Amino acid sequence: ILERGSARETAIRTALGAVAKMVLSSHDINVFSYVYRIGKAYINPYLLSKEQKKRAKEENDLSAPQEIYDDMKNEIDKAIEGKYSVGGLVEVIAEN
């Protein structure tokens, strides 16, 4: 069952994630993430190389693979214009 989270809940999760990332980093575990879906804009994560996934964070403001960035940005712009929210999916990868 999918549930919507509040902004306060998201802030807490973000803070705890930052602390966890620091702890993992001290054990030489690198964590990175990227967005692979916003609204109807989707790219199959299994078709992306690890390098594409890592590069997404530096390539643009959405941390999305460049191949799908424009479609994701359009989904966000439509949501802003229509005054509604839009969901998304993120993959988080930890490697040693």
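Per-chain numbering applies: the sequence of each chain, read as written, is numbered from 1 onward. Residues qualify for local features only when their pLDDT is at least 70, as the model is predicted, and side-chain atom pairs are given and counted only at 80 or more; totals for whole chains, interfaces and linings, by contrast, use all residues. Calculation of side-chain values draws on the structure's entire complement of heavy atoms; hydrogens and water are dropped beforehand.

Draft legend 1. Here's a closer look at the side chain of Asn60. One can find Asn60 in the loop between α2 (50–59) and α3 (66–82). We define a polar contact as two N or O atoms separated by no more than 3.5 Å, with the added condition that, inside protein, one atom must be a possible hydrogen donor and the other a possible acceptor, whereas residues neighbouring each other in sequence contribute only through side-chain atom pairs. Among the polar contacts listed, one links the side chain of Asn60 to the backbone nitrogen of Leu62, at a separation of 3.0 Å. The helix count covers DSSP runs of H or I at least four residues long, the strand count covers runs of E at least two residues long, and both are numbered beginning at the N terminus.

Draft legend 2. The arrangement of the sheet that holds strand β2 (residues 41–42) in detail. DSSP calls a pair of strands paired once it identifies at least 2 bridges connecting them. The three strands lie next to each other as β2-β1-β3, forming an open sheet whose pairing is antiparallel. The open sheet has two edge strands, β2 and β3 (88–95), and neither has a second partner. Where strand β1 (residues 30–38) and β3 come together, eight bridges link them in antiparallel fashion. Among the inter-strand pairings, Arg37 is bridged to a residue of β3, identified as Leu89. Sheet strands in contact with α3 are β1 and β2, and its direction is about 65° off that of β1. The contact definition used throughout considers only heavy atoms, calling two residues in contact when any of these lie within 4.5 Å. Inter-axis angles, ranging from 0 to 180 degrees, are taken between N-to-C directions of lines fitted to C-alpha atoms, where helices are fitted over the stretch in contact.

Draft legend 3. Local environment of the packing of aromatic side chains. By convention, a stacked pair of Phe, Tyr or Trp rings (six-membered ring in the case of Trp) has centres within 6.5 Å and planes under 30 degrees apart, an edge-to-face pair has planes over 60 apart, and any other such pair is tilted. If you walk through the whole model with that rule in mind, you get two aromatic pairs. With a centroid separation of 6.2 Å and 45° between ring planes, the pair formed by Tyr34 and Tyr36 is classed as tilted. Grouping residues by exposure puts Tyr34 and Tyr36 together as buried. On the basis of relative accessible area, Tyr36 is assigned to the buried category, the value being 16%. Each residue is placed in one exposure class: buried if its accessible area under a 1.4 Å probe, protein chains only, is under 20% of its type's maximum, exposed if it is over 50%, and partly exposed if it falls in between.

Draft legend 4. Molecular detail of the pattern of salt bridges. Each reported salt bridge corresponds to a side-chain nitrogen of Lys or Arg within 4 Å of a carboxyl oxygen of Asp or Glu. Overall, the coordinates contain seven salt bridges when judged by the stated rule. A salt bridge links Lys50 to Glu95; the shortest N-O distance between them is 3.1 Å. Of this pair, Lys50 sits in helix α2 while Glu95 sits in strand β3, and the two are 45 residues apart along the sequence. We classify Glu95 as buried; its relative accessible area is 19%. By sharing partners, the salt bridges in this structure join Lys50, Lys54 and Glu95 into a single network.

Draft legend 5. Focus on the nonpolar core. Tyr34, Ile38, Ile43, Leu62, Ala64, Ile68 and Met72 are the most contacted members of the largest nonpolar core, which totals 15 residues. Of all the secondary structure elements, the ones that give two or more residues to this core are β1 and α3. Ranked by residue count, the leading element in this core is β1, at five residues. In this structure, Tyr34 is in contact with Pro45, Leu48, Lys53, Ala56, Ser63, Pro65, Leu89, Val90, Glu91 and Ile93, ignoring residues within four places of it in sequence. Think of a nonpolar core as a cluster: buried Ala, Val, Leu, Ile, Met, Phe, Trp, Tyr and Cys residues, connected wherever their side-chain atoms sit within 4.5 Å.

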